[in-house]
Amino acid sequence: MAKATTPADLTITPRDVRFGRGKAIRRWWLNDDPFATAFYNALSVTFPKGEGFFVDSVRAFREGTPPKLAGEIQAFIKQEVMHTREHVAFNRHVADQGYDVRSLEAEVDRVLAITKGRPPIASLAATMALEHFTAILAHELIADPRHLAGGDPDAVALWKWHAAEEIEHKGVAYDTWLHATRHWSRWKRWKIKSLVMLIATARFVNGRAKGMTELLRQDGITGWRAKWGLIRYALGRPGMARKVAWTWAEFFLPGFHPWKLDDRALIGLAESDYVDAIMPVAKKAAVPAAA
């Protein structure tokens, strides 16, 4: 079994915070840019059902895990449940601005339906791959302030809060996978996880691109104007896709583990921003992971 490198002193802390209740966000809430707004809105629409899938996939393998990992799984589930709640609220704001997101939600349903009837280990593998996606996006989102510059304060606070917790629990699905496949050969584990990552990447990129172009279509931006606008945003400035390309590829290296990069310092950086931005009536509670 490959040795996990999750920090021994890591604490996963579900932060029960509510964002933007009773407030309206503008239609193009991120720097008055329709492309930037579509980029994050399309991601947000996937989160409620996607994170429910992550929770179910990891929970299926919780029994029999070492006590530390079992506690981390419990905290991971709590964090993901709150992420779902806050993105449901955020998605209501998106709908309130006149966007019809039903086709985006239907695409998520279609992709998740592919996993039905497959062994639970397949769902765990998909979760492990997609959690790597969320972790590298979260890292870049906090590390480079340009990604959220000019955004609505409540929306920016939500995304930084979510990103901080994605960094914090980025090793949970991977460690659960290592435990669940502990009797596999290293070759089999690498082969399966690599194949799943390639499939998950293709579906993730294709699905999000379709969602973004659909939201832009509802803004009257279509054809090559929409495509080139998204390409410039993703690969040019601020270039989220370009900047995470190498860290995405590191997943395929022998000995990879999400915590090979200890970026916990970004969590404190994000918290210093979102705590100042949340509503005064926001509910906050820090619940440390079980030991």
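Scoring rules and cut-offs
Residues numbered from 1 in each chain as written. Predicted model: local features only at pLDDT ≥ 70, side-chain atom pairs only at ≥ 80, totals over all residues. Heavy atoms only, no water. Helix = DSSP H or I, 4+ residues; strand = E, 2+ residues; numbered from the N terminus. Rg over C-alpha atoms; globule rule 2.2 N^0.38 Å. Buried < 20%, exposed > 50% of the residue type's maximum accessible area, 1.4 Å probe, protein only. 1 Å grid on protein atoms, 1.4 Å probe; cavity = no way out; pocket = protein on both sides within 12 Å on 5 of 7 lines; lining within 4 Å. Points joined across faces, edges and corners; volume = space filled by probe spheres on them. Nonpolar A, V, L, I, M, F, W, Y, C, P; charged D, E, K, R; others polar. Axes fitted to C-alpha atoms, helices over the stretch in contact; angles between N-to-C directions. Parallel < 35°, antiparallel > 145°, perpendicular 65-115°, else oblique. Left-handed = near helix turned anticlockwise from the far one by under 90°. Contact = heavy atoms within 4.5 Å. Phe/Tyr/Trp six-rings, centres within 6.5 Å; stacked < 30°, edge-to-face > 60°. Lys NZ or Arg CZ within 6 Å of the ring centre and 35° of its normal.

Draft legend 1. Spotlight on the overall build of the chain. Scanning the chain from terminus to terminus reveals 10 helices and 0 strands. The order of α-helices and β-strands along the chain, N terminus first, is α-α-α-α-α-α-α-α-α-α. In terms of overall dimensions, the chain is globule-like: its C-alpha atoms have a radius of gyration of 18 Å, near the 19 Å expected for 291 residues. Looking at the chain residue by residue over its 291 residues, the buried ones come to 53%.

Draft legend 2. Fine view of the layout of surface pockets. Space inside the largest pocket adds up to approximately 830 Å³. Considering the residues around the largest pocket, the lining is formed by 37 residues, among which Phe54, Ala126, Leu130, Ala200 and Phe204 are closest to the centre. Those elements giving two or more residues to the lining of the largest pocket turn out to be α1 (34-59), α3 (102-113), α4 (120-143), α5 (153-168) and α7 (186-218). Looking at which element gives the most residues to the lining of the largest pocket, the answer is α4, with 9 residues. Residues of the lining of the largest pocket, tallied by class, amount to 25 nonpolar, 6 polar and 6 charged. In this structure, the second largest pocket encloses a volume near 540 Å³.

Draft legend 3. Representation of the packing of helix α2 (residues 67-96) against helix α6 (residues 172-180) within the structure. Viewed as axis vectors pointing N to C, α2 and α6 meet at an angle of 140°, and their least axial separation amounts to 10 Å. By the angle between their axes, α2 is oblique relative to α6. Along this stretch, α2 crosses α6, giving a crossing that reads as left-handed. Of α6, the residues touching α2 (which contributes Leu69, Glu72, Ile73 and Phe76) are Val172, Asp175, Thr176 and His179. Grouping the amino acids of the contact of α2 with α6 by side-chain chemistry returns 4 nonpolar, 2 polar and 2 charged.

Draft legend 4. Local environment of empty space enclosed by the protein. One pass over the structure, following the stated rule, counts 1 cavity of 30 Å³ or more. In this model, the largest cavity occupies a volume close to 70 Å³. Taken together, Phe19, Gly20, Ile25, Glu86, Ala89, Phe90, His93, Asp154, Ala155 and Leu158 make up the full set of residues lining the largest cavity. Counting only elements with at least two residues in the lining of the largest cavity, the list comes to α2 and α5. By residue number, the principal contributor to the lining of the largest cavity is α2, which donates 4 residues. Among the residues making up the lining of the largest cavity, the classes are represented as 6 nonpolar, 2 polar and 2 charged.

Draft legend 5. Layout of the packing of aromatic side chains. Under the criterion given, the structure shown has 18 aromatic pairs. Aromatic side chains Phe47 and Trp159 sit 5.9 Å apart centroid to centroid with 55° between the ring planes, which places their arrangement in the tilted category. You can see Phe47 sitting in helix α1 and its partner Trp159 sitting in helix α5, a full 112 residues away along the chain. Each member of the pair, Phe47 together with Trp159, is buried. Centre to centre, the rings of Trp248 and Phe252 are 5.1 Å apart; their planes meet at 70°, and the pair counts as edge-to-face. Through a chain of ring-to-ring contacts, the aromatic side chains of Trp29, Phe39, Tyr40, Phe47, Phe90, Trp159 and Tyr233 assemble into a single cluster. Across from the ring centre of Trp184, 4.3 Å away, lies the NZ or CZ of Lys188, which sits over that ring.

Fair warning: the whole summary comes from geometry, so function is off the table for now.
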